[in-house]
Amino acid sequence: MKQHSTHITIKWLTGCIVLFLGLSCKYFKPNHPQAELQANESLNEATINTYVDSVNATLNQAEKTSSLVYTLGDSSFYVTRYTYNNAPVLYEETCDKAELGYSKRRYYLKDNRVIFYSENSKATPSDKPYRIIKEYYRNDVMFYAEEKQGTEQDIASLPFTETNVATAQSQTRLARYEDALNQRGKFDLFFEGITEYPKARYLILSRKEINAYRAPVLIPDDDDLIREIAGNPNKYRGEKLYLTWKIVNGEAVYQSGKLKQ
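First things first, this report covers the structure right here in the doc.

Reading the values: rules and limits
- Residues numbered from 1 in each chain as written.
- Predicted model: local features only at pLDDT ≥ 70, side-chain atom pairs only at ≥ 80, totals over all residues.
- Heavy atoms only, no water.
- Pairing = 2+ DSSP bridges.
- Helix = DSSP H or I, 4+ residues; strand = E, 2+ residues; numbered from the N terminus.
- Axes fitted to C-alpha atoms, helices over the stretch in contact; angles between N-to-C directions.
- Contact = heavy atoms within 4.5 Å.
- Core = buried A, V, L, I, M, F, W, Y, C linked by side-chain atoms within 4.5 Å.
- Buried < 20%, exposed > 50% of the residue type's maximum accessible area, 1.4 Å probe, protein only.
- Expected span 1.5 Å × (residues − 1).
- Arc of directions from axis to C-beta.
- Polar contact = N/O pair within 3.5 Å; in protein donor to acceptor, adjacent residues only side chain to side chain.
- Salt bridge = Lys/Arg side-chain N within 4 Å of Asp/Glu carboxyl O.
- Phe/Tyr/Trp six-rings, centres within 6.5 Å; stacked < 30°, edge-to-face > 60°.
- Lys NZ or Arg CZ within 6 Å of the ring centre and 35° of its normal.

**Examining the sheet that holds strand S12 (residues 215-218)**
Then comes step 1: An order of S10-S11-S12-S14-S13 is seen for the 5 strands of this open sheet, with the pairing classed as mixed. Of all strands in the sheet, those with a lone pairing partner are strand S10 (190-196) and strand S13 (241-248), marking the two edges. The sheet shows a mean angle of 40° between the axes of neighbouring strands, taken without regard to direction.
Then comes step 2: Here S12 runs beside strand S14 (residues 251-259); their pairing, made up of 2 bridges, is parallel. The residue of S14 that forms the bridge with Leu218 is Val253.
Then comes step 3: Those strands touched by helix H4 (residues 224-231) are S10, strand S11 (201-206), S13 and S14, and its axis lies near 85° from that of S14.

So this is what it looks like as C-alpha coordinates:
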(Lines give C-alpha, C1' and ligand atoms only; values in the text may rest on other atoms or scores of the structure.)
Protein backbone atom coordinates (compact mmCIF):
# COMPACT_ATOMS: atom_id res chain seq x y z
CA MET A 1 0.00 0.00 0.00
CA LYS A 2 2.82 2.41 0.83
CA GLN A 3 4.56 1.66 -2.49
CA HIS A 4 1.33 2.35 -4.43
CA SER A 5 0.91 5.69 -2.64
CA THR A 6 4.48 6.70 -3.50
CA HIS A 7 3.87 5.86 -7.16
CA ILE A 8 0.75 8.07 -7.23
CA THR A 9 2.68 10.92 -5.59
CA ILE A 10 5.46 10.75 -8.21
CA LYS A 11 2.91 10.80 -11.04
CA TRP A 12 1.16 13.77 -9.43
CA LEU A 13 4.43 15.70 -9.07
CA THR A 14 5.41 14.90 -12.65
CA GLY A 15 2.06 16.18 -13.89
CA CYS A 16 2.49 19.42 -11.92
CA ILE A 17 5.95 19.99 -13.40
CA VAL A 18 4.68 19.43 -16.96
CA LEU A 19 1.74 21.79 -16.33
CA PHE A 20 4.05 24.46 -14.86
CA LEU A 21 6.44 24.25 -17.81
CA GLY A 22 3.53 24.52 -20.22
CA LEU A 23 2.20 27.59 -18.47
CA SER A 24 5.70 29.08 -18.35
CA CYS A 25 6.06 28.74 -22.10
CA LYS A 26 2.66 30.34 -22.60
CA TYR A 27 2.90 33.26 -20.19
CA PHE A 28 6.63 33.89 -19.92
CA LYS A 29 7.61 33.84 -23.57
CA PRO A 30 10.54 36.21 -24.24
CA ASN A 31 9.12 39.56 -25.32
CA HIS A 32 11.41 40.45 -28.20
CA PRO A 33 11.37 39.84 -31.96
CA GLN A 34 13.98 37.06 -31.95
CA ALA A 35 11.51 34.93 -29.99
CA GLU A 36 8.84 35.34 -32.66
CA LEU A 37 10.67 33.34 -35.31
CA GLN A 38 11.85 29.91 -34.20
CA ALA A 39 15.10 28.51 -35.54
CA ASN A 40 13.35 25.57 -37.20
CA GLU A 41 10.61 27.70 -38.76
CA SER A 42 10.95 28.00 -42.53
CA LEU A 43 11.62 31.47 -43.87
CA ASN A 44 9.06 32.60 -46.39
CA GLU A 45 7.37 35.89 -47.21
CA ALA A 46 4.68 35.46 -44.56
CA THR A 47 6.98 34.52 -41.66
CA ILE A 48 9.46 37.23 -42.57
CA ASN A 49 6.71 39.86 -42.77
CA THR A 50 5.51 38.78 -39.32
CA TYR A 51 9.05 39.06 -37.96
CA VAL A 52 9.53 42.52 -39.51
CA ASP A 53 6.22 43.70 -38.01
CA SER A 54 7.36 42.37 -34.61
CA VAL A 55 10.68 44.25 -34.84
CA ASN A 56 8.94 47.47 -35.85
CA ALA A 57 6.43 47.15 -33.00
CA THR A 58 9.13 46.75 -30.33
CA LEU A 59 11.83 49.18 -31.46
CA ASN A 60 11.22 51.33 -28.39
CA GLN A 61 12.41 48.37 -26.29
CA ALA A 62 15.63 47.84 -28.25
CA GLU A 63 19.00 49.42 -27.57
CA LYS A 64 19.41 52.25 -30.08
CA THR A 65 22.75 53.60 -31.34
CA SER A 66 23.11 56.36 -33.96
CA SER A 67 26.17 57.50 -35.86
CA LEU A 68 27.21 61.06 -36.48
CA VAL A 69 25.71 62.73 -39.55
CA TYR A 70 28.42 62.41 -42.20
CA THR A 71 28.51 64.80 -45.14
CA LEU A 72 30.31 64.58 -48.46
CA GLY A 73 29.59 67.30 -50.98
CA ASP A 74 25.86 67.97 -50.99
CA SER A 75 24.97 64.54 -49.58
CA SER A 76 24.70 63.44 -45.97
CA PHE A 77 23.80 60.23 -44.17
CA TYR A 78 23.59 58.68 -40.74
CA VAL A 79 23.03 55.15 -39.48
CA THR A 80 20.92 53.83 -36.62
CA ARG A 81 21.37 50.32 -35.20
CA TYR A 82 18.81 48.53 -33.02
CA THR A 83 19.91 45.57 -30.89
CA TYR A 84 18.52 43.04 -28.42
CA ASN A 85 21.00 41.41 -26.03
CA ASN A 86 23.86 42.76 -28.19
CA ALA A 87 22.39 41.10 -31.31
CA PRO A 88 21.45 43.55 -34.09
CA VAL A 89 17.91 43.23 -35.44
CA LEU A 90 17.82 46.34 -37.63
CA TYR A 91 20.19 48.75 -39.36
CA GLU A 92 18.64 51.89 -40.82
CA GLU A 93 20.43 54.32 -43.13
CA THR A 94 18.94 57.75 -43.75
CA CYS A 95 20.51 59.54 -46.71
CA ASP A 96 19.79 63.08 -47.90
CA LYS A 97 21.01 63.96 -51.39
CA ALA A 98 19.72 67.55 -51.32
CA GLU A 99 18.12 68.45 -54.65
CA LEU A 100 18.80 64.94 -56.03
CA GLY A 101 16.47 63.25 -53.55
CA TYR A 102 16.78 60.97 -50.53
CA SER A 103 16.72 57.31 -49.49
CA LYS A 104 15.99 55.25 -46.40
CA ARG A 105 17.41 51.72 -46.34
CA ARG A 106 16.50 49.12 -43.73
CA TYR A 107 18.19 45.78 -43.07
CA TYR A 108 16.37 43.35 -40.78
CA LEU A 109 18.54 40.64 -39.26
CA LYS A 110 17.96 37.37 -37.47
CA ASP A 111 20.90 35.41 -36.04
CA ASN A 112 23.24 38.01 -37.63
CA ARG A 113 21.89 37.34 -41.11
CA VAL A 114 19.86 39.71 -43.26
CA ILE A 115 16.43 38.25 -43.97
CA PHE A 116 14.66 41.36 -45.25
CA TYR A 117 15.73 44.56 -46.98
CA SER A 118 13.56 47.57 -47.78
CA GLU A 119 14.32 50.83 -49.50
CA ASN A 120 12.17 53.93 -49.89
CA SER A 121 13.71 56.56 -52.11
CA LYS A 122 13.11 59.64 -54.18
CA ALA A 123 15.31 60.47 -57.18
CA THR A 124 14.99 63.72 -59.09
CA PRO A 125 14.61 64.78 -61.80
CA SER A 126 12.27 61.96 -62.85
CA ASP A 127 8.66 61.56 -63.96
CA LYS A 128 8.38 58.70 -61.43
CA PRO A 129 10.68 59.80 -58.62
CA TYR A 130 9.37 57.61 -55.77
CA ARG A 131 10.50 54.00 -55.48
CA ILE A 132 9.86 51.25 -52.92
CA ILE A 133 11.85 48.00 -52.88
CA LYS A 134 11.36 44.85 -50.78
CA GLU A 135 13.77 41.90 -50.80
CA TYR A 136 13.44 38.59 -48.92
CA TYR A 137 16.47 36.47 -48.01
CA ARG A 138 17.08 32.91 -46.87
CA ASN A 139 20.62 31.77 -45.97
CA ASP A 140 21.99 35.03 -47.44
CA VAL A 141 20.32 34.34 -50.81
CA MET A 142 17.45 36.43 -52.12
CA PHE A 143 14.44 34.23 -52.95
CA TYR A 144 11.86 36.92 -53.70
CA ALA A 145 11.80 40.65 -54.44
CA GLU A 146 9.26 43.23 -55.52
CA GLU A 147 9.20 46.92 -56.25
CA LYS A 148 7.06 49.79 -57.41
CA GLN A 149 7.78 53.24 -58.75
CA GLY A 150 5.58 56.27 -59.27
CA THR A 151 4.65 59.79 -58.34
CA GLU A 152 3.95 61.09 -54.84
CA GLN A 153 0.22 60.97 -55.57
CA ASP A 154 -0.01 57.37 -56.82
CA ILE A 155 2.89 55.47 -55.18
CA ALA A 156 0.79 54.28 -52.21
CA SER A 157 -1.96 52.76 -54.38
CA LEU A 158 0.28 51.16 -57.00
CA PRO A 159 0.74 47.36 -56.87
CA PHE A 160 4.17 45.80 -56.43
CA THR A 161 5.83 44.05 -59.36
CA GLU A 162 8.07 41.02 -58.88
CA THR A 163 11.74 41.53 -59.77
CA ASN A 164 14.87 39.38 -59.77
CA VAL A 165 17.34 42.22 -59.21
CA ALA A 166 19.01 42.26 -55.77
CA THR A 167 20.06 45.70 -54.53
CA ALA A 168 20.80 45.17 -50.82
CA GLN A 169 24.61 44.67 -51.04
CA SER A 170 24.40 43.54 -47.42
CA GLN A 171 27.99 42.65 -46.56
CA THR A 172 29.50 45.83 -48.00
CA ARG A 173 26.93 48.20 -46.56
CA LEU A 174 26.69 46.63 -43.10
CA ALA A 175 30.49 46.75 -42.74
CA ARG A 176 30.34 50.43 -43.74
CA TYR A 177 27.57 51.04 -41.22
CA GLU A 178 29.61 49.52 -38.41
CA ASP A 179 32.57 51.73 -39.38
CA ALA A 180 30.29 54.79 -39.29
CA LEU A 181 28.82 53.81 -35.92
CA ASN A 182 32.25 53.16 -34.40
CA GLN A 183 34.06 56.08 -36.14
CA ARG A 184 36.56 53.80 -37.87
CA GLY A 185 38.46 54.07 -41.14
CA LYS A 186 37.14 56.91 -43.28
CA PHE A 187 34.82 57.85 -40.42
CA ASP A 188 37.61 58.39 -37.89
CA LEU A 189 37.37 62.18 -37.80
CA PHE A 190 39.19 64.92 -35.89
CA PHE A 191 38.47 68.44 -34.72
CA GLU A 192 38.54 70.93 -37.60
CA GLY A 193 36.91 74.00 -36.07
CA ILE A 194 33.70 75.67 -34.95
CA THR A 195 31.49 77.29 -37.57
CA GLU A 196 29.16 80.07 -36.44
CA TYR A 197 25.94 81.16 -38.09
CA PRO A 198 23.50 83.86 -36.95
CA LYS A 199 21.28 81.34 -35.18
CA ALA A 200 23.46 78.26 -34.70
CA ARG A 201 26.98 77.02 -34.04
CA TYR A 202 28.47 73.76 -35.24
CA LEU A 203 31.50 71.79 -34.12
CA ILE A 204 33.08 70.41 -37.30
CA LEU A 205 34.93 67.09 -37.48
CA SER A 206 36.91 66.00 -40.53
CA ARG A 207 40.24 64.50 -41.63
CA LYS A 208 43.06 65.60 -43.93
CA GLU A 209 42.17 63.64 -47.05
CA ILE A 210 40.80 64.40 -50.49
CA ASN A 211 37.03 63.86 -50.55
CA ALA A 212 36.99 63.28 -46.80
CA TYR A 213 33.80 63.03 -44.82
CA ARG A 214 32.88 65.89 -42.52
CA ALA A 215 30.56 65.70 -39.51
CA PRO A 216 28.83 68.88 -38.23
CA VAL A 217 27.55 68.68 -34.65
CA LEU A 218 25.08 71.34 -33.51
CA ILE A 219 26.14 73.08 -30.26
CA PRO A 220 23.02 74.02 -28.26
CA ASP A 221 24.94 75.17 -25.16
CA ASP A 222 28.55 75.69 -24.11
CA ASP A 223 30.35 73.50 -21.62
CA ASP A 224 34.00 73.35 -20.52
CA LEU A 225 35.14 71.51 -23.67
CA ILE A 226 33.33 73.83 -26.07
CA ARG A 227 34.63 76.94 -24.31
CA GLU A 228 38.20 75.58 -24.37
CA ILE A 229 38.36 74.57 -28.04
CA ALA A 230 36.37 77.63 -29.19
CA GLY A 231 38.88 79.86 -27.42
CA ASN A 232 41.91 77.98 -28.80
CA PRO A 233 40.85 76.41 -32.14
CA ASN A 234 44.37 76.32 -33.63
CA LYS A 235 45.69 74.51 -30.57
CA TYR A 236 43.18 71.69 -30.86
CA ARG A 237 42.83 71.42 -34.64
CA GLY A 238 43.55 67.81 -35.65
CA GLU A 239 42.90 66.49 -32.14
CA LYS A 240 40.66 63.52 -31.48
CA LEU A 241 37.47 64.37 -29.57
CA TYR A 242 35.25 61.90 -27.75
CA LEU A 243 31.68 63.14 -28.06
CA THR A 244 28.19 62.07 -27.13
CA TRP A 245 25.28 63.29 -29.24
CA LYS A 246 21.71 62.61 -30.21
CA ILE A 247 19.99 62.83 -33.58
CA VAL A 248 17.26 65.46 -33.74
CA ASN A 249 15.50 66.21 -37.04
CA GLY A 250 18.37 64.71 -39.01
CA GLU A 251 21.08 66.64 -37.13
CA ALA A 252 23.67 65.45 -34.62
CA VAL A 253 23.21 67.56 -31.48
CA TYR A 254 26.11 67.85 -29.03
CA GLN A 255 25.55 66.56 -25.47
CA SER A 256 29.01 66.24 -23.94
CA GLY A 257 32.62 65.59 -24.85
CA LYS A 258 36.25 65.39 -23.85
CA LEU A 259 39.70 65.40 -25.39
CA LYS A 260 41.71 62.25 -25.89
CA GLN A 261 43.75 61.60 -22.77
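**What to know about the nonpolar core**
Then comes step 1: If you look at the biggest cluster of nonpolar residues, it comprises 38 residues, and the most contacted ones within it are Tyr70, Tyr107, Leu203 and Leu243.
Then comes step 2: Counting residues per element, this core draws most heavily on helix H3 (residues 170-182), which supplies 4 residues.

**Quick notes on H3**
Then comes step 1: With 13 residues, H3 extends 18 Å from end C-alpha to end C-alpha; this agrees with the ideal 18 Å at 1.5 Å per step.
Then comes step 2: Taken as a whole, H3 has its buried residues at Ser170, Arg173, Leu174, Tyr177, Glu178, Ala180 and Leu181. Summarising the axial view, the buried residues of H3 lie within an arc of 160°, below the 170-degree limit, and thus occupy one face. Opposite the buried face of H3, by more than 90 degrees, sit the exposed residues Gln171 and Thr172.
Then comes step 3: Residues of H3 that are buried sit in contact with strand S1 (63-66), strand S2 (70-72), strand S3 (75-84), strand S4 (87-96), strand S5 (101-110) and strand S6 (113-123).

**A look at the side chain of Arg81**
Then comes step 1: On the secondary structure map, Arg81 appears in strand S3.
Then comes step 2: One polar contact links Arg81 to Glu178, side chain to side chain, over a distance of 2.8 Å.
Then comes step 3: In this view, Arg81 contacts Glu63, Lys64, Thr65, Pro88, Leu90, Tyr91, Glu178, Leu181 and Asn182; residues no more than four positions away in its chain are not counted.

**Side note on unusual backbone geometry**
Then comes step 1: The residue after Thr124, namely Pro125, is reached through a cis peptide bond having omega -5°.
Then comes step 2: By the secondary structure assignment, Pro125 is in the loop between S6 and strand S7 (130-138).
Then comes step 3: Although it is not a glycine, Asn85 sits at a positive phi angle of roughly 50°.
Then comes step 4: Tracing the backbone shows Asn85 in the loop between S3 and S4.
Then comes step 5: Given the relative accessible area of 70%, Asn85 is considered exposed.
Then comes step 6: At Asn211, a residue that is not glycine, the phi angle is positive and equals roughly 55°.
Then comes step 7: Relative to the elements of secondary structure, Asn211 occurs in the loop between S11 and S12.
Then comes step 8: Judged by its relative accessible area of 65%, Asn211 is exposed.

**Quick notes on the pattern of salt bridges**
Then comes step 1: One pass over the structure, following the stated rule, counts 14 salt bridges.
Then comes step 2: Of the charged contacts in the structure, one is a salt bridge between Arg227 and Asp224, with a shortest N-O distance of 2.9 Å. With Arg227 and Asp224 both in helix H4 and 3 residues apart, the pair spans about one turn of that helix.
Then comes step 3: In this structure Arg227 comes out as partly exposed when scored by relative accessible area, which is 47%.
Then comes step 4: Beyond isolated ion pairs, a larger network of salt bridges with shared partners links Glu92, Lys104 and Arg106.

**Focus on the packing of aromatic side chains**
Then comes step 1: Within this structure, the stated rule accounts for 14 aromatic pairs.
Then comes step 2: With 5.9 Å between their ring centres and 70° between their planes, Tyr107 and Tyr177 make a pair best called edge-to-face. Taken together, the positions of Tyr107 in strand S5 and Tyr177 in helix H3 put the pair 70 residues apart, joining distant regions of the chain. Just as Tyr107 is buried, Tyr177 falls in that class too.
Then comes step 3: An angle of 50° between the planes, with centres 6.3 Å apart, marks the rings of Tyr136 and Phe143 as tilted.
Then comes step 4: Judged by its relative accessible area of 29%, Phe143 falls in the partly exposed class.
Then comes step 5: Linked through ring pairs, Tyr108, Phe116, Tyr136, Phe143 and Tyr144 together constitute an aromatic cluster.
Then comes step 6: Across the ring face of Phe77, the terminal group of Arg176 is positioned such that the distance to the ring centre comes to 4.3 Å.
Then comes step 7: Over the ring of Phe190 we find Lys240; its NZ or CZ atom is 5.5 Å from the centre of that ring.

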